[in-house]
Amino acid sequence: MIEPDAPASPVRAPAASPPPDAPRAARRAWAIALAGMVLAAVAFFGREQVPGAGSSVALEVTVVPGDVEALDCGLEQGTAGVRCGFDLQGQPIAGDTGGRLLRPYVTREGALVLLAGVFEEPHVASWLVEARSRGSDDRVRLACQGKMLSSLGPVRFRFGAQNDWDERSRLPAATVESCRVASF
């Protein structure tokens, strides 16, 4: 006998069969997830590392004649006989560096670096004299070879005396040994 208040026994519907492309969709989802993990691993492990101190480096930057006065950095202490022209408070640092001040540059790859000796390198110095004598503001590409010094910081930098200082905790620094000047 069935009591009127007793719950009815659940009726089970026949099990629906999965759509015919369900295994294919599951495999596709796993393949996409796996491809994403592989790309993430390649991006993480393949990222560019800063070369160690003393390493030879090839650097490509662009400059205009006015950059010799416009590129500034501020640092409390230099390294290997080179330093920035300012301290971290933006005050000029007195003393001779033999003309080899660190200055900020952006490489062709978009990396921010401090380089010493760019405008003192003989080919660049000749280009600068010639460009100034013609009154040229043309941008040129410099393909330079140099030596890594170390990563310095904290460092402040600006691309023009009228611009505000920006700051980074550390930036790679190098000295320039030779450059080739090329126009665009």
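Residues numbered from 1 in each chain as written. Predicted model: local features only at pLDDT ≥ 70, side-chain atom pairs only at ≥ 80, totals over all residues. Heavy atoms only, no water.

A separate point is the state of the cysteines. By the definition in use, this model includes two disulfides. With its sulfur 1.9 Å from that of its partner, C73 forms a disulfide with C84. Measuring handedness by torsion sign, the sulfur bridge of C73 and C84 sits at about -105 degrees and is left-handed. Taken together, the residues C73 in strand β2 (residues 71–74) and C84 in the loop between β2 and β3 (102–106) connect sequence positions eleven residues apart. Two residues, C144 and C179, share a disulfide whose sulfurs are 2.0 Å apart. Residues C144 and C179 share a disulfide whose torsion about the S-S bond is about 105 degrees; that sign makes it right-handed. (Disulfide = S-S within 2.5 Å. Helix = DSSP H or I, 4+ residues; strand = E, 2+ residues; numbered from the N terminus.)

Let us look at unusual backbone geometry. Put simply, G153 and P154 share a cis peptide bond, and its omega is 0 degrees. On the secondary structure map, P154 appears in the loop between β5 (140–152) and β6 (155–159). Its identity is not glycine, yet A80 carries a phi of approximately 50 degrees, on the positive side. Locating A80 in the fold gives a position in the loop between β2 and β3.

Enumeration according to the criterion identifies seven salt bridges in this entry. E120 is the salt-bridge partner of R103, the closest N and O atoms lying 3.8 Å from each other. Taken together, the residues R103 in strand β3 and E120 in the loop between β4 (112–116) and α3 (122–134) connect sequence positions 17 residues apart. The exposure class assigned to E120 is partly exposed, which follows from its relative accessible area of 32%. (Salt bridge = Lys/Arg side-chain N within 4 Å of Asp/Glu carboxyl O. Buried < 20%, exposed > 50% of the residue type's maximum accessible area, 1.4 Å probe, protein only.)

All right, on to the sheet that holds β2 then. Read across the open sheet, the three strands follow the order β2-β6-β7; overall the sheet is antiparallel. Each edge of the open sheet is held by one strand with a lone partner, namely β2 and β7 (166–168). Ignoring strand direction, the axes of neighbouring strands in this sheet form an average angle of 25 degrees. For β2 and β6, the ladder comprises four bridges, and the chain directions are antiparallel. Within β6, the residue paired with C73 across the bridge is F157. (Pairing = 2+ DSSP bridges. Axes fitted to C-alpha atoms, helices over the stretch in contact; angles between N-to-C directions.)

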